[in-house]
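# Examining the three-dimensional arrangement
Given next are the chains, with one letter for each unit.
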Amino acid sequence: MCSSDLESKGRGHRTLQGRPPATMLRPLKGVSRAVLVGRHEGVRILPAIRMRSFSTSSLRNQQFTRLPAAQGLYNPENEKDNCGVGMIANLKKAESHRIVKNALQVLERMEHRGGCGCEVNTGDGSGALFAIPDTFYRSECKDMGVELPPVGRYGTGLIFFSKADGIFDQCKAVIEKHCAAKGFDVLCWRDVPTDNSSLGPSSLACEPMVKQLFVAPKNTEISALMLETELMILRRCFERDIADHVATQEDWTQEFYPCTLSSRTIVYKGMLTPEQVGEYFKDLRNEKFVTYLALVHSRFSTNTFPSWSRAQPFRALCHNGEINTLRGNKNQMRSREASLVSAALGDSLTDLLPITSNDMSDSGNFDAVAELLLRAGDRPLHEAVMIMVPEAWQGKPGSPARKAFYAYNANLMEPWDGPAMMSFTDGRYVGACLDRNGLRPSRYYVTRDDRVLLSSEVGVLDHLDEAVVKTKARLEPGRMFLIDFAQQRIVPDEELKETMAAARPYEWMASRSEEHTSELQSLAGS
């Protein structure tokens with residue numbers, strides 16, 4: 001079922017395939033066949049619009065076709081998502097393949113929240129994020145003659161490469177050069193087994209080569225937190241180098257894209273429909289693939305273009321909704337880049353710039369900024385999300401410390417306003433929140449066998465008997481749902497926010513900020 005079955009009435013000018021009708025678009029130069037309404041054998045020639053027709057065979061020879069430049073009614077800066085989000089986890093961190101199976105079922109049950117093109121077997125994008133399945137990867141690497149370090153002491157991630165001649169070899173050389181420079185050993189490259197038999201022509205046309213990289217730090221004494229930071233710096237360094245010196249397209253993510261590089265989480269995603277995720281990635285069907293955490297996402301790209309790289313989850317989160325303040329958020333981030341300072345990142349901070357990009361969707365930009373806040377210091381991920389998506393705290397009841405927290409951070413970061421629902425994780429925590437508008441539904445269940453299920457709607461998991469449900473509730477505007485796996489419990493919204501507010505002297509800092517503002521206003525008026 002395509003997303004339009006549920007959303008076309010409230011979303012103007014949608015076809016039954018979840019796309020703007022072709023008559024609403026001006027012809028675009030270099031357009032891929034997914035842009036206009038067409039048939040499986042090629043793009044339909046519309047009255048008064050002359051376009052080249054692409055056959056299925058010619059599409060298979062195209063590699064990572066670039067998104068069009070701004071023209072007509074289309075502008076890549078307006079790339080936004082409206083989607084389905086799900087999360088399933090075990091509070092006690094008990095790993096099982098059941099988590100994977102349940103996550104894929106949740107994803108498939110939210111098919112109507114994702115989009116598909118004129119081909120029902122080409123999706124806007126779907127994927128899943130898992131806590132590292134160490135048992136499975138250890139077995140796979142052992143078969144390759146590689147012994148992995150202890151869990152949490154190595155980093156891994158799936159990387160998309162264009163199938164064009166020479167791209168992989170060039171990118172591999174750049175990646176391995178930066179690994180050596182940043183103090184990492186390359187343990188191995190693994191071919192990720194895939195099955196593309198169910199993919200539609202448009203998805204096949206830009207299907208990447210999927211490889212998995214395993215690296216380990218030469219410094220065996222590095223902390224778990226610092227390892228994650230160093231892995232992010234490493235990823236951004238080779239991303240930038242490849243974008244500048246290897247990629248032939250302005251949007252380099254269409255030729256090369258690392259889904260993740262982490263010691264805690266792994267992402268499997270693509271330009272797929274929800275049911276294709278488990279079919280395409282053979283790893284997910286292996287009973288040895290066991291984990292305690294999964295986030296899933298079904299993408300509905302609002303009047304924009306699907307691609308393998310823009311599928312979600314991203315590195316830290318997945319998102320349902322839109323960021324309607326995006327232009328201002330990106331401009332503010334760009335303006336403050338020159339004054340950014342981080343003791344944790346040091347001189348490597350310049351390698352991470354620019355943080356935001358017009359080649360990313362609103363969700364992708366949000367994820368990039370959240371990742372920066374997470375890795376630039378000792379903030380937990382939920383604090384970064386609280387800064388970016390504050391509750392409606394002004395004029396509301398609340399402790400002075402909590403109000404001071406928001407007042408102080410309002411000087412550092414403007415709200416990324418939706419409507420939006422965010423689900424996020426760094427492996428230690430997993431959580432979700434609604435922005436202060438609260439216009440994206442989300443409910444969660446906690447079972448007596450310590451499973452936690454959160455989803456954009458109910459009814460996504462079979463055989464969930466009411467007798468095994470201990471708690472069920474919904475996310476509320478500005479409220480946050482959070483699991484702390486170290487404490488093996490759900491942290492109430494009030495407790496976690498008061499804890500964050502008490503972590504630093506925000507009341508004093510906020511008062512000093514107000515005094516400074518008053519002084520500036522006095523000087524301006526004199």
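Residues numbered from 1 in each chain as written. Predicted model: local features only at pLDDT ≥ 70, side-chain atom pairs only at ≥ 80, totals over all residues. Heavy atoms only, no water.

To continue, consider the overall build of the protein chain. Scanning the protein chain for helices and strands turns up 14 helices and 20 strands. Counting every position in the protein chain, which comprises 526 residues, the buried fraction comes to 58%. For the protein chain, long-range pairs separated by at least 24 residues make up 75% of all intrachain contacts whose partners lie at least 6 apart in sequence. Here the protein chain has roughly 21500 Å² of accessible surface; of this, 50% comes from carbon and sulfur atoms. (Helix = DSSP H or I, 4+ residues; strand = E, 2+ residues; numbered from the N terminus. Buried < 20%, exposed > 50% of the residue type's maximum accessible area, 1.4 Å probe, protein only. Contact = heavy atoms within 4.5 Å. Areas by Shrake-Rupley, 256 points an atom, 1.4 Å probe, with all protein chains shown as cover.)

Okay, unusual backbone geometry next. With the exception of glycine, the majority of residues adopt a negative phi angle, and the majority of peptide bonds are in the trans configuration. Between Gln312 and the following residue, Pro313, the backbone shows a cis peptide bond with an omega angle of 10°. Relative to the helices and strands, Pro313 is located in the loop between strand S12 (301-302) and strand S13 (317-321). Residue Pro354 is reached from Leu353 by a cis peptide bond, and omega for that bond is -5°. By the secondary structure assignment, Pro354 is in the loop between helix H9 (326-336) and helix H10 (362-375). At Lys93, a position not held by glycine, the phi torsion is positive, near 65°. The topology assignment puts Lys93 in the loop between strand S4 (84-90) and helix H3 (97-109). Take Lys93: its relative accessible area is 39%, and that puts it in the partly exposed class. Of note in the backbone geometry, Asp450 takes a positive phi value of approximately 70° without being a glycine. By secondary structure assignment, the location of Asp450 is in the loop between strand S16 (443-447) and strand S17 (451-455).

What follows concerns H9. Taken together, the buried positions of H9 are occupied by Leu326, Asn329, Lys330, Met333 and Arg336. Seen along its axis, H9 keeps its buried residues to an arc of 135°; they face one direction. Relative to its buried face, H9 has exposed residues pointing more than 90 degrees away, namely Arg327 and Ser335. Tucked into the core, H9 has its buried residues touching H10. (Arc of directions from axis to C-beta.)

A word on the sheet that holds strand S10 (residues 265-270). Read across the sheet, 7 strands follow the order S10-S5-S11-S4-S17-S16-S18 without closing on themselves; strand pairing throughout is antiparallel. A strand with exactly one partner marks an edge of an open sheet, and here the two such strands are S10 and strand S18 (469-474). Pairs of neighbouring strands in the sheet enclose a mean axial angle of 10°, with direction left out of account. Taken together, the 5 bridges between S16 and S18 define a ladder with antiparallel strand orientation. Residue Arg443 lies in a different strand from S18, and its bridge partner there is Arg474. Sheet strands in contact with H3 are S4, strand S5 (126-131), strand S11 (293-298) and S17, and its direction is about 15° off that of S11. (Pairing = 2+ DSSP bridges. Axes fitted to C-alpha atoms, helices over the stretch in contact; angles between N-to-C directions.)

Let us look at the packing of helix H5 (residues 167-181) against helix H7 (residues 224-245). Relative orientation of the contacting elements H5 and H7 amounts to 140°, with a least axis distance of 9 Å. Here H5 is positioned oblique relative to H7, judged by the angle of their axes. Where H5 crosses over H7, the two elements pack in a sense that is right-handed. Between H5 and H7, the contacting residues are Cys171, Val174, Ile175, Lys177, His178 and Cys179 on the first element and Leu234, Cys237, Phe238, Asp241 and Ile242 on the second. Among the residues making up the contact of H5 with H7, the classes are represented as 8 nonpolar, 1 polar and 2 charged. (Parallel < 35°, antiparallel > 145°, perpendicular 65-115°, else oblique. Left-handed = near helix turned anticlockwise from the far one by under 90°. Nonpolar A, V, L, I, M, F, W, Y, C, P; charged D, E, K, R; others polar.)

Each regular strand shows side chains that alternate between the opposite faces of the sheet. Judged by how many residues are buried, S5 sits mostly within the fold: 6 of 6 residues are covered. Neither face of S5 is open: one carries Ser126, Ala128 and Phe130, the other Gly127, Leu129 and Ala131, and all of them are buried. Looking at chain direction, S5 and S10 are connected through 6 bridges and run antiparallel. Bridge pairing in S10 links Ala131 to Thr265.

This part is about the nonpolar core. Side chains of a nonpolar character, in soluble globular proteins, are inclined to be buried together. Counting 67 residues, the largest nonpolar core has Met87, Phe130, Tyr137, Tyr268, Phe281 and Leu284 as the members making the most contacts within it. The biggest single contributor to this core is H3, with 6 residues. Sequence-distant contacts of Phe281, that is, excluding residues within four places in its chain, are made with Leu158, Val192, Pro193, Thr194, Val210, Tyr268, Lys269 and Leu272. (Core = buried A, V, L, I, M, F, W, Y, C linked by side-chain atoms within 4.5 Å.)

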